[in-house]
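# Tertiary structure, described
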Amino acid sequence: MSKLPNSLKALINAPKARPNTVPAPPNIRSVYQKIQQTAQSNNLSQPAWLALSTAATMTMNSPESLAILFQLATASQSTDEGVSVAEYMREVGLKCISFNGIPRTINCLNVFKASLPDSVTAKLSRSPTRAPTPENIDEISHRGRALWNSIYRPFESKLHSKLADSHPDLPVHILNSHYGALLSDPANRCTGATAGRISTSIVAVACLRAQSGVGPQVTSHVFGLRKALEDGTWVSDVESEEGAKWLASDEGNTWILKSVDDIVESISEGTGSNFAPSRGSKL
């Protein structure tokens, strides 16, 4: 294979193209601490604020900040508790693919794993749980449709038809590759971590809010979070009923959105989302 000339390498890595991940800003720990404290004062579980913070940070492409978030979340905890936190953050990061695409998840999970203590890394799961087989393919499709219906009812069929009108394979891919294979949780999982129904909606809202430019989708997933309370799908999560109700309330929704805004403001150092940044001049 031929090598790339230096001029082409320089073009790929031109500063205006922002080719690199974003370093952790000096104040990011205090931003995470504020989010953590508000969550605790409203009797939320750790997964709620950790899902929000992880997803927003992944969207902003700042794996160094993820390492600081992990340190905060595991302060004074045992190695086994640290493993549980790391597994959960990895699971959230994986689900971010459905909203952010694959590259940022690859960037962040690679660096995040490298930042973990050796004692934690040694105990992380190495067994996949989402591989499709002839035996489980129908179950994957079924759970994807169930999650889709839970989030979008009573418009689930209308939205499916609208997507198909844009491209016949659009809803096929979304339901089977994302809602079924990724966003819904594998049945009978015995390794790794699970980010349940409420956490998945928090991930969706956090990623989309941090992106900018997708207000209708943010609105849909805010409603999706509320519908987890209405249809009872929240009960399999770790959240208490009190915490789940608060997250689905106006106050809880506002906290999620403003917390994401605070993370974006900190990591971007006031310049806003870097998910699809404007560039003042052509390459």
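Residues numbered from 1 in each chain as written. Predicted model: local features only at pLDDT ≥ 70, side-chain atom pairs only at ≥ 80, totals over all residues. Heavy atoms only, no water.

### Some details on the packing of aromatic side chains
Inclusion rule: The criterion for an aromatic pair is that two Phe, Tyr or Trp rings (for Trp, the six-membered ring) have centres within 6.5 Å, with stacked assigned to planes under 30 degrees apart, edge-to-face to planes over 60 apart and tilted to the rest. Elements are defined by DSSP. Helices are runs of H or I of four residues or more, strands are runs of E of two residues or more, and each kind is numbered from the N terminus. Note on classification: 1.4 Å probe, protein chains only; a residue is buried when its accessible area is under 20% of the maximum for its type, exposed when over 50%, partly exposed between these limits.
Enumeration over the complete set of coordinates arrives at five aromatic pairs. Relative to F112, the ring of F70 lies with its centre 6.0 Å away and its plane at 80°, an arrangement referred to as edge-to-face. Placement of the pair is F70 in helix α4 (residues 63-73) and F112 in helix α7 (residues 102-115), with a sequence separation of 42 residues. For F70, a relative accessible area of 6% translates into the label buried. Between W148 and Y152, the aromatic rings sit 4.5 Å apart at their centres with planes inclined by 50°, giving tilted as the arrangement.

### Quick notes on the packing of helix α13 (residues 215-230) against helix α15 (residues 250-267)
What counts, and what does not: Inter-axis angles, ranging from 0 to 180 degrees, are taken between N-to-C directions of lines fitted to C-alpha atoms, where helices are fitted over the stretch in contact. Any angle from 65 to 115 degrees is called roughly perpendicular, while one under 35 is roughly parallel, one over 145 is roughly antiparallel, and all others are oblique. For any helix crossing, the convention is left-handed if the near helix is rotated counterclockwise from the far helix by under a right angle, and right-handed if that rotation is clockwise. In this analysis, two residues are considered to be in contact whenever any of their non-hydrogen atoms come within 4.5 Å of each other. Note on residue classes: Ala, Val, Leu, Ile, Met, Phe, Trp, Tyr, Cys and Pro are nonpolar, Asp, Glu, Lys and Arg are charged, and everything else, Gly too, is polar.
Interhelical geometry of α13 versus α15 gives an angle of 135° and a closest axis separation of 11 Å. By the angle between their axes, α13 is oblique relative to α15. Viewed along their axes, α13 and α15 form a crossing whose handedness is right-handed. In this structure, α13 contributes V218, V222, L225 and R226 to the contact, and α15 contributes D250, N253, I256 and L257. By residue class, the composition of the contact of α13 with α15 is five nonpolar, one polar and two charged.

### Quick notes on the pattern of salt bridges
The test is simple: Each reported salt bridge corresponds to a side-chain nitrogen of Lys or Arg within 4 Å of a carboxyl oxygen of Asp or Glu.
Within the structure shown, the criterion is met by 12 salt bridges. Between R143 and E139 there is a salt bridge; the shortest N-O distance is 2.8 Å. Here E139 and R143 lie together in helix α9 (residues 137-152), a separation of four residues that amounts to about one turn. Between D250 and R226 there is a salt bridge, with its nearest N and O atoms 2.5 Å apart. With D250 in helix α15 and R226 in helix α13, the pair connects residues that are 24 residues apart, well separated along the chain. Through salt bridges with shared partners, one network takes in E91, R130 and R189.

### Quick word on helix α2 (residues 28-41)
Formally: Residue count minus one, scaled by 1.5 Å, sets the expected span of a helix. Think of it as the arc spanned by the lines of direction from the helix axis to the C-beta atoms.
In this model α2 runs 20 Å from its N-terminal to its C-terminal C-alpha over 14 residues, within 8% of the 20 Å that 1.5 Å per residue would give. Every buried residue of α2 is listed here: I28, V31, Y32, I35, Q36 and A39. Buried residues of α2, viewed axially, fall in a sector of 135°; they line one side. The outward face of α2, more than 90 degrees from its buried face, is lined by the exposed residues K34 and S41. Close packing links the buried residues of α2 with α3 (46-59), α4 and α15. A positive backbone phi angle near 60° is found at N43, which sits one or two residues after α2.

### Thoughts on the state of the cysteines
Threshold: Whenever a pair of cysteine sulfur atoms sits within 2.5 Å, that pair is classed as a disulfide.
Applying the stated rule across the entire model yields zero disulfides. With no disulfide of its own, C96 lies 3.5 Å from the sulfur of C207, the closest cysteine sulfur. The structure places no disulfide on C108, whose sulfur is separated from the nearest cysteine sulfur, that of C96, by 8.3 Å. The exposure class assigned to C108 is buried, which follows from its relative accessible area of 0%.

### Overview of the packing of α2 against α15
Between α2 and α15, the shortest axis-to-axis distance is 9 Å and the interhelical angle comes to 170°. Of the possible angle classes, the one that applies to α2 and α15 is roughly antiparallel. Side by side, α2 and α15 meet where I28, V31, Y32, K34, I35, T38 and A39 of the first sit next to W255, S259, D262, I263, S266 and I267 of the second. Split into classes, the residues belonging to the contact of α2 with α15 amount to eight nonpolar, three polar and two charged.

### Topic: the side chain of S62
Structurally, S62 can be placed in the loop between α3 and α4. Apart from the residues lying within four places of it in its own chain, the contact partners of S62 are V22, P23, A24, T57, C108 and I267.

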